[in-house]
Amino acid sequence: MASFIERMCLYRVLVLSVFLSITQAVDRSNFKTCDQSAFCSRQRAMKPGQSSYTALLETLELSDSHLTVQLLNNNNKVLLLLELYRLQGNMTRVKINELKPIKPRYEVPDVLITDPPTELMSVLAQDEHRVVLSLGGEDWRLILSAQPFRLDIMEGPQVLLSLNSRGLLAFEQLRIRKDTKSQTDTEEAGEKEDTEKHDKEKVSEGEEEEAEEEVDQPGMWEETFKTHADTKPNGPSSISLDFSLPGVEHVYGIPEHADGLRLKNTDGGDPYRLYNLDVFQYELFNPMALYGAVPVLLSHNTHRTMGLFWLNAAETWVDVSSGQGSSEVPQTDVRWISESGIIDVFIMLGPRPNDVFTQYSSLTGTQAFPPLSSLAYHQCRWNYNDQEDVSAVDQGFDEHDIPYDFIWLDIEHTDGKRYFTWDNNKFPQPKDMLQGLLDKRRKMVTIVDPHIKVDSSYKIHTEIRSRGYYIKNKDGGDYEGWCWPGNAGYPDFTNPEMRKWWASMFAYDQYEGSMENLYTWNDMNEPSVFNGPEVTMHKDALHGPWEHRDIHNLYGFYVQMATAEGQIQRSGGLERPFVLTRAFFAGSQRYGAVWTGDNAAEWGHLKMSIPMCLSLGLVGISFCGADVGGFFKTPSAELLVRWYQAGAYQPFFRAHAHLDTPRREPWLFGPDNTALIREAVRQRYTLLPYWYLQFYHAQRTGQPVMRPLWVEYPEDIATFSIDNEFLIGRDLLVHPVTDERSSGVTAYLPGNGEVWYDVHTFQRHDGAQNLSIPVTMSSIPVFQRGGSIICRKNRVRRSSSCMENDPYTLYVALDSQGNAEGEIYIDDGHTFKHKTDKQFIHRRLSFTANSLSSSDLSPDSQFPTASWVEQVNILGAQKPDAVTLTATDGGESSVEFEFDPNTAVLTLRKPGVNAGVNWTLHLR
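Computed from a predicted model, the values in this text were never measured in an experiment.

Conventions and cut-offs
Here the residue numbering is sequential within each chain, running from 1 through the sequence in written order. Only residues with pLDDT of at least 70 get local features here, since the model is predicted, and only at 80 or more are side-chain atom pairs given and counted; chain-wide, interface and lining totals rely on the full set of residues. Neither water nor hydrogens contribute to the side-chain values; these are computed over all heavy atoms in the structure. Cysteine sulfur atoms that come within 2.5 Å of each other are treated as a disulfide pair. Think of it in three bands: residues with accessible area under 20% of the maximum for their type are buried, residues over 50% are exposed, and the middle band is partly exposed, with areas taken using a 1.4 Å probe on protein chains only. Centres within 6.5 Å are what make two rings of Phe, Tyr or Trp a pair, Trp counting through its six-membered ring; a difference in plane orientation under 30 degrees is then read as stacked, over 60 as edge-to-face, and the rest as tilted. Here, over-ring charges are defined by two tests on the NZ atom of lysine or the CZ atom of arginine: distance to the ring centre within 6 Å, and angle to the ring normal within 35 degrees. Counting from the N terminus, the helices are the DSSP runs of H or I reaching at least four residues and the strands are the DSSP runs of E reaching at least two. Take the residue count of a helix, subtract one, and multiply by 1.5 Å to get its expected span. A residue's bend is simply the angle between two axes: one fitted to the seven residues ending at it, one to the seven starting at it. Between two residues, a contact is recorded if the distance between any of their heavy atoms is within 4.5 Å. We call two N or O atoms a polar contact when they sit within 3.5 Å, provided that within protein one can donate a hydrogen and the other can accept it, with sequence-adjacent residues counted only if both atoms are side-chain atoms. For two strands to be treated as a pair, DSSP must find no fewer than two bridges joining them.

## Notes on the state of the cysteines
Line of reasoning, step 1. This structure, assessed with the given rule, holds two disulfides.
Line of reasoning, step 2. A sulfur-sulfur distance of 2.0 Å marks the disulfide that ties Cys34 to Cys40. Because the torsion about its S-S bond is -100°, the bridge between Cys34 and Cys40 counts as left-handed.
Line of reasoning, step 3. For Cys40, a relative accessible area of 0% gives the class buried.
Line of reasoning, step 4. Paired through a disulfide, Cys613 and Cys624 show a sulfur-sulfur distance of 2.1 Å.

Next up, the structure:
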């Protein structure tokens with residue numbers, strides 16, 4: 001009994017400390033700096049200079065698929081194996097591992113969607129100092145220099161990228177600890193024999209120079225942070241490599257950090273850290289790690305965009321140094337440092353931004369095509385109290401004529417934080433609740449976290465324990481830590497059998513009370529361990545043969561993977577899943593959405609939501625959003641309104657709030673603010689056809705939905721550092737108002753010779769200018785690109801599903817030559833039938849020579865739709881004498897129209913054609 005009381009007291013202390021921490025900014029002392037991380041400090045102490053590695057060109061072997069060559073560390077005589085692959089799609093893969101490690105080193109599985117196809121490499125020239133390889137075409141070459149080891153990728157005379165040009169390659173080989181005491185004399189003798197044999201193999205044949213004695217440094221074999229000890233049974237294993245990018249001043253990516261879009265110079269400060277952590281109320285403008293880690297960096301200048309994908313799931317630090325290279329040419333140097341694993345890096349050579357997106361998505365996959373309803377508005381807080389509360393909130397949206405599609409339940413809906421359960425007192429009839437939502441064509445999300453309450457009466461726990469699916473501690477027992485339920489176990493999601501079992505728990509007969517309109521939120525999956533080092537799992541915990549340090553950044557990836565698979569399986573493979581995750585890694589885009597975590601109701605956090613989501617989009621994760629209103633603290637009415645206006649134009653649109661904040665449903669701030677919020681949400685709903693089209697393209701091509709201006713205007717230097725405005729697809733430019741009491745904003749409209757139209761007033765503006773825009777509280781500065789056609793549904797109903805068969809209004813924004821193009825995409829909005837049965841409509845809309853036409857982009861697909869074209873608005877038009885419609889049957893009829901000379905908008909009323917057929921409108 002005393003033990004139980006002590007544990008409950010500890011739990012209460014831990015939970016209290018969590019709540020105290022959220023009243024202020026993050027306690028940075030809970031999280032390591034590079035100086036406090038032994039391997040980072042050790043590696044960063046290396047100074048640029050001559051590399052200790054030599055490429056032994058006499059060991060070079062070239063096969064149909066790749067080249068191998070041994071690298072010798074001249075200091076300790078350890079041999080590494082370098083593998084070079086020329087990949088299809090203008091990419092190069094570089095792998096470096098120990099030639100003969102004493103045990104295998106971790107190589108990341110499951111992130112690549114396939115073994116990347118290779119292309120032939122050929123030797124163009126070779127001597128004792130270097131080898132020149134062809135990368136296709138006459139100008140593309142890779143130069144492998146021997147002493148010191150270095151790789152240069154060339155296009156003609158230009159160096160695009162250099163590897164190890166600063167000599168910062170470091171590879172700590174696995175070895176046996178010198179002071180290890182064996183249990184028996186036999187074991188000691190055997191260990192000595194193995195060590196001597198391994199040492200002999202280190203040095204290549206004929207190598208007479210003796211290896212330097214390696215001196216152990218603090219933190220190599222054990223490390224303590226605060227009260228937490230890391231035993232490091234495998235000793236030092238870190239790796240490092242530098243890349244130089246001549247001519248580059250702007251680099252982006254490596255989310256997740258609460259910082260600007262363009263990566264900053266880290267000289268004199270901490271590197272950017274990639275280590276998934278549960279960070280309460282994170283600070284802005286620093287390189288601290290947050291909830292997710294995508295080790296992908298993009299470089300960009302007016303001539304070329306390239307990418308680096310560092311495939312390593314261990315704790316990683318990234319140094320960025322910008323300055324002058326040789327001949328006063330700008331240069332950015334990037335250094336990657338990881339605690340364990342191997343060097344496995346993909347160099348994506350572009351040359352255009354869209355090429356890099358295609359290259360990266362060919363490796364890790366594209367954004368999952370979400371159900372249409374998940375692109376609509378989501379209402380959430382920690383926590384809606386009970387079924388009556390859910391019903392009242394649902395009714396409130398109807399009473400105030402505000403549409404929404406999803407209502408969310410946080411951890412309090414469960415029976416004592418036991419996931420896959422309901423609190424029988426608060427939610428006694430979950431199916432009745434879900435059916436009530438379904439009757440209104442609405443949906444619900446419940447939270448299912450990966451910390452499992454240790455309770456012998458809890459089915460989920462007993463099943464996982466009996467099957468041996470929990471992560472183990474260093475001594476082989478089940479790893480346990482403290483989280484919301486108290487003492488918790490952590491399922492080993494790296495185990496495919498565990499993932500298969502977890503997925504089966506989402507079946508309707510397993511997850512009692514669930515229905516087809518119930519979806520899932522995976523939180524705390526960094527994993528969060530309240531009493532663990534840095535609020536996460538001990539690195540010496542075990543996933544089968546691998547330490548947690550090897551796989552840490554993959555944990556949330558696997559949780560979302562298993563959850564998404566569970567949703568697919570419960571429908572017999574028919575329905576698309578919707579799963580939101582907080583922790584993520586490269587490839588997480590294949591499984592659903594992410595959000596920027598526990599932000600605060602502050603103007604700075606509203607501003608930061610833009611570059612944070614832009615950074616995620618650049619590395620494949622398009623389905624991103626931030627908690628509207630801010631999770632912590634209490635927003636002013638002005639801040640809340642502005643956040644709704646910004647969130648309505650970001651991919652994932654969800655309001656969320658902390659347990660201790662006052663209620664903030666949209667109608668609680670007075671009728672004027674309710675009207676402003678209603679209008680912002682309604683704007684989102686009218687644009688759902690456009691959002692859906694962008695996600696359709698994202699899952700086909702890997703292009704980001706929400707994108708920086710430089711992606712579409714790669715030669716316009718003025719766009720390179722802009723992160724307070726963005727594009728949705730190519731055709732909508734958004735500049736949210738993110739300053740308190742703002743009376744105006746200045747938006748940059750790109751494109752010399754292009755025109756942009758204010759979507760609210762239809763006023764036309766020239767591109768390549770900074771436009772001063774006066775704003776009021778109702779203003780959301782949004783512009784449509786001249787030369788585009790955007791489809792909207794202007795009849796807004798209570799949910800997106802209710803709008804399924806509603807008509808379209810086309811907005812045709814003419815360019816300076818009087819032309820425009822766009823697309824329309826329609827399917828059932830929720831199944832995989834668009835893939836399996838080609839049940840969809842995809843059509844091109846084109847305005848040229850005073851005619852607007854619709855033609856089929858996918859003749860082999862078919863899908864019936866009741867939606868029709870209700871209205872066409874042509875911006876930048878001239879008044880015609882007549883408008884006629886030629887329909888599928890060849891018949892011609894006149895169409896009513898109005899022309900407003902003040903706005904130059906021509907409105908065509910009720911053409912009355914089905915959205916899925918061929919037709920042409922003629923302006924005469």
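Picking up where we left off.
## Observations regarding the packing of aromatic side chains
Line of reasoning, step 1. Per the counting criterion, the structure on display carries 45 aromatic pairs.
Line of reasoning, step 2. Where Trp502 meets Phe506, the ring centres are 6.3 Å apart and the plane angle is 70°; that geometry is what we call edge-to-face.
Line of reasoning, step 3. Clustering of aromatic rings is evident, with ring pairs tying together Phe406, Trp408, Tyr519, Trp521, Phe578, Trp595, Phe623, Phe652 and Phe695.
Line of reasoning, step 4. Seen from the ring of Trp691, Arg684 lies directly overhead, with NZ or CZ sitting 4.3 Å from the centre.

## Points about helix 11 (residues 603-618)
One full turn of an α-helix is made of 3.6 residues, so residues set three or four places apart face in the same direction.
Line of reasoning, step 1. Taking 1.5 Å as the rise per residue, helix 11 with 16 residues should run 22 Å; its terminal C-alpha atoms sit 24 Å apart, in good agreement.
Line of reasoning, step 2. Along helix 11, the helix axis deviates most sharply at Ser609, where the bend reaches about 25°; the proline Pro611 sits within four residues downstream.
Line of reasoning, step 3. Burial analysis of helix 11 places 14 of its 16 residues in the buried class, the great majority of the element.
Line of reasoning, step 4. Gly620 sits one or two residues past helix 11 and shows a positive phi near 100°.

## Observations regarding the environment of Leu245
Line of reasoning, step 1. You can see Leu245 is positioned in strand 13 (residues 239-246).
Line of reasoning, step 2. Sequence separation of Leu245 and Leu160 is 85 residues, and the distance between their C-alpha atoms is 6.4 Å.
Line of reasoning, step 3. If near-sequence neighbours (up to four positions away) are discounted, Leu245 is found in contact with Leu160, Leu161, Val251, Ser299, Met306, Pro330, Gln331, Thr332 and Val334.

## Some thoughts on the environment of Arg590
Line of reasoning, step 1. Residue position: Arg590 is located in the loop between strand 30 (579-581) and strand 31 (593-595).
Line of reasoning, step 2. Distance in space between the C-alpha atoms of Arg590 and Ile621 is 8.5 Å, their sequence separation being 31 residues.
Line of reasoning, step 3. Setting aside residues up to four positions removed in sequence, Arg590 forms contacts with Asp110, Val111, Ile113, Thr364, Gly365, Thr366, Ala368 and Phe557.
Line of reasoning, step 4. At 2.9 Å, the side chain of Arg590 forms a polar contact with the backbone oxygen of Asp110.
Line of reasoning, step 5. Within the local environment of Arg590, its side chain forms a polar contact with the side chain of Tyr591, the two groups lying 3.1 Å apart.

## Observations regarding the sheet that holds strand 39 (residues 755-758)
Line of reasoning, step 1. Ordered in space as 35-36-37-42-39-40, the six strands form an open sheet in which the pairing is antiparallel. The sheet terminates laterally at strand 35 (706-707) and strand 40 (764-766), the two strands that pair on one side only.
Line of reasoning, step 2. Here three bridges tie strand 39 to strand 42 (residues 782-785), and the two strands are oriented antiparallel to one another. Across the sheet, Asp758 pairs through a bridge with Phe783, a residue of strand 42.

Function cannot be read off these values alone, since they describe shape.
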